[in-house]
Amino acid sequence: MKEKKVVEIEERIPKLKARRKQRTNRRLILYVSIFFLLMLFIIYFQSSYSHVQQVKVKGNDYANSEWVIEQSGLLDGVSMWNLNEEEVSKKITSHEAVSSIELSREFLNSIIIDVQEYAHIAYVQEENTFFPVLETGEQYSKDPAQDVVPYDAPVLRNFETEELRVQMASQLSKTPKGIFERISEITLEPTENDPTRITLLMNDGFTVSSTIRDFSVRITPYPAVVDQLDPEIDGIVHMRMNPYFESFEVEEEEIDEEEVEGIEGEG
């Protein structure tokens, strides 16, 4: 029995040596691979290959892409792995139309700048050109190439002061979408008692009188009010504390009656 055991052990020794050698070779290959990977990483980070080579801009309508890339400074030897997003954001948001940005990496040397801009809330007209008014109240008129036809927001008229334009833009941004889309023009017509009085021309044919202060709240009942009106009767819908309709026909009838009385008196 002892001889048999000795023989079995001697037969297994070459196999054990082969397995040990395989393990040693595997470890050597692993160590060599790790070494080369570390060398590649060191070479990559120390070379220009780790710098931003390409910048893509998306989400911008008003801010020019070339301007955004230039302001970002990302092509000035900036490392892909050492981006100062706060500094880049500060530079790009200096544009009056840009509210914020987001940076994201694409592949090993490409950066995407996702630009979020303020929405345009209205337009102002200068001669035959319409310029957007941003939700901040800022009139964007730097680039004449941005000429547009106002179909998706109302036109503001007589809003000469920035303060009133900012207030109006703020109220419009809070106006229910369904009502906002029905507004065609807003004209500032101040009076002694109400320096913020406005007159609105609506796409459904009605004329509305209101005021800038709390406009988004005052205009809310408008759909329910006009649903009860005859579109064939001309007048003004007053949207203030208590909405009411003022018909022009009443005034015309009163004028006609005065003219008749005058004629009769002459007779």
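Here is a short report on the structure shown in this document. (Residues numbered from 1 in each chain as written. Predicted model: local features only at pLDDT ≥ 70, side-chain atom pairs only at ≥ 80, totals over all residues. Heavy atoms only, no water.)

1. Quick word on the packing of aromatic side chains
Note the cut-off: Centres within 6.5 Å make a pair out of two Phe, Tyr or Trp rings, where for Trp the six-membered ring is used; the pair is then stacked when the planes are under 30 degrees apart, edge-to-face when over 60, and tilted otherwise. Elements are defined by DSSP. Helices are runs of H or I of four residues or more, strands are runs of E of two residues or more, and each kind is numbered from the N terminus.
According to the stated counting rule, one finds 1 aromatic pair in the structure shown. Considering the side-chain rings of Y62 and Y140, the 5.1 Å spacing of their centres and the 50° angle between planes classify their relative orientation as tilted. Here Y62, found in the loop between β1 (54–58) and α2 (65–72), pairs with Y140, found in the loop between β5 (129–134) and β6 (155–157); they are 78 residues apart in sequence, far enough to count as distant.

2. Topic: a positive patch on the surface
Convention followed: Grouping into patches uses exposed residues only, defined as over 30% relative accessible area, and leaves out salt-bridged ones; the cut-off is 9 Å for like charges and 5 Å for nonpolar side chains (Val, Leu, Ile, Met, Phe, Trp, Tyr). Throughout, the Shrake-Rupley method with a 1.4 Å probe supplies accessible areas, and for residues the shown protein chains are the sole cover considered. Any Lys or Arg side-chain nitrogen located within 4 Å of an Asp or Glu carboxyl oxygen qualifies as a salt bridge. Lys and Arg are tallied as positive, Asp and Glu as negative. Neither His nor the chain termini are counted. Taken as the charge location is NZ of Lys, CZ of Arg, CG of Asp or CD of Glu.
A cluster of basic side chains, namely R19, R20, R23, R26 and R27, defines a positive patch on the protein surface. Inspection of the secondary structure puts R26 in helix α1 (residues 2–46).

3. Things to note about the pairing of strand β11 (residues 244–247)
Put simply, the rule is: Should DSSP find at least two bridges between two strands, the strands are taken to pair.
As paired elements, strand β10 (residues 235–238) and β11 share 4 bridges and run antiparallel to each other. Within β11, the residue paired with I236 across the bridge is E246. Count of turn residues in the β10/β11 antiparallel hairpin: 5 residues.

4. Comments concerning the pattern of salt bridges
Taken as a whole and assessed by the stated rule, the structure comprises 7 salt bridges. We note a salt bridge from E185 to R157, for which the minimum N-O separation is 3.1 Å. Placement of E185 in strand β7 (residues 183–188) and of R157 in strand β6 is noted, with a sequence separation of 28 residues between them. The shortest N-O distance in the salt bridge between R240 and D194 comes to 3.3 Å. Of this pair, R240 sits in the loop between β10 and β11 while D194 sits in the loop between β7 and β8 (197–202), placing them 46 residues apart in sequence.

5. Observations regarding a nonpolar patch on the surface
A contiguous nonpolar surface patch, about 670 Å² in accessible area, is contributed by L28, V32, F35, F36, M39, I42 and I43. The topology assignment puts I43 in helix α1.

6. Examining the environment of N158
Rules: The criterion used for residue contact is that any of the two residues' heavy atoms lie within 4.5 Å. We call two N or O atoms a polar contact when they sit within 3.5 Å, provided that within protein one can donate a hydrogen and the other can accept it, with sequence-adjacent residues counted only if both atoms are side-chain atoms.
When you line up the elements, N158 lands in the loop between β6 and α4 (162–173). In this structure, the C-alpha to C-alpha distance between N158 and I186, residues 28 residues apart in sequence, is 8.8 Å. If we ignore the near neighbours within four places in the chain, the residues touching N158 are T187 and L188. Among the polar contacts listed, one links the side chain of N158 to the backbone oxygen of L188, at a separation of 3.4 Å.

7. Looking at the environment of P223
Within the secondary structure, P223 sits in helix α7 (residues 222–226). For the pair formed by P223 and R182, sequence separation is 41 residues and the distance between their alpha carbons is 9.8 Å. If near-sequence neighbours (up to four positions away) are discounted, P223 is found in contact with I179 and R182.

8. A few points about the sheet that holds β1
What counts is decided by this rule: Every axis corresponds to a line fitted to the C-alpha atoms, with the helix fit spanning only the stretch in contact, and the corresponding angles, defined between N-to-C directions, vary from 0 to 180 degrees.
Judged by pairing direction, the sheet is mixed, and its 3 strands sit side by side in the order β1-β3-β2 without closing on themselves. The open sheet has two edge strands, β1 and β2 (98–106), and neither has a second partner. Sheet twist, expressed as the average angle between the axes of neighbouring strands with direction ignored, equals 20°. Contacts from α2 reach β1 and β3 (110–117), with the element oriented near 130° to β1. Strands in contact with helix α3 (residues 85–92) are β2 and β3; relative to β2, the strand with the most contacts, it is inclined by about 140°.

9. So, the packing of α2 against α3
So the rule is basically this: When an angle is under 35 degrees it counts as roughly parallel; over 145 it counts as roughly antiparallel; between 65 and 115 it counts as roughly perpendicular; any other value is oblique. In a left-handed crossing the near helix is turned counterclockwise from the far helix by less than a right angle, and in a right-handed crossing that turn is clockwise. Each residue gets one label: Ala, Val, Leu, Ile, Met, Phe, Trp, Tyr, Cys and Pro are nonpolar, Asp, Glu, Lys and Arg are charged, and the others, such as Gly, are polar.
The N-to-C vectors of α2 and α3 enclose an angle of 135°; their axes lie 9 Å apart at closest approach. The angle between α2 and α3 falls in the class oblique. The way α2 lies across α3 gives a crossing that is right-handed. Where α2 approaches α3, its residues W67, V68, Q71 and S72 are matched on the opposing element by V88, K91 and I92. Tallied by class, the residues present in the contact of α2 with α3 amount to 4 nonpolar, 2 polar and 1 charged.

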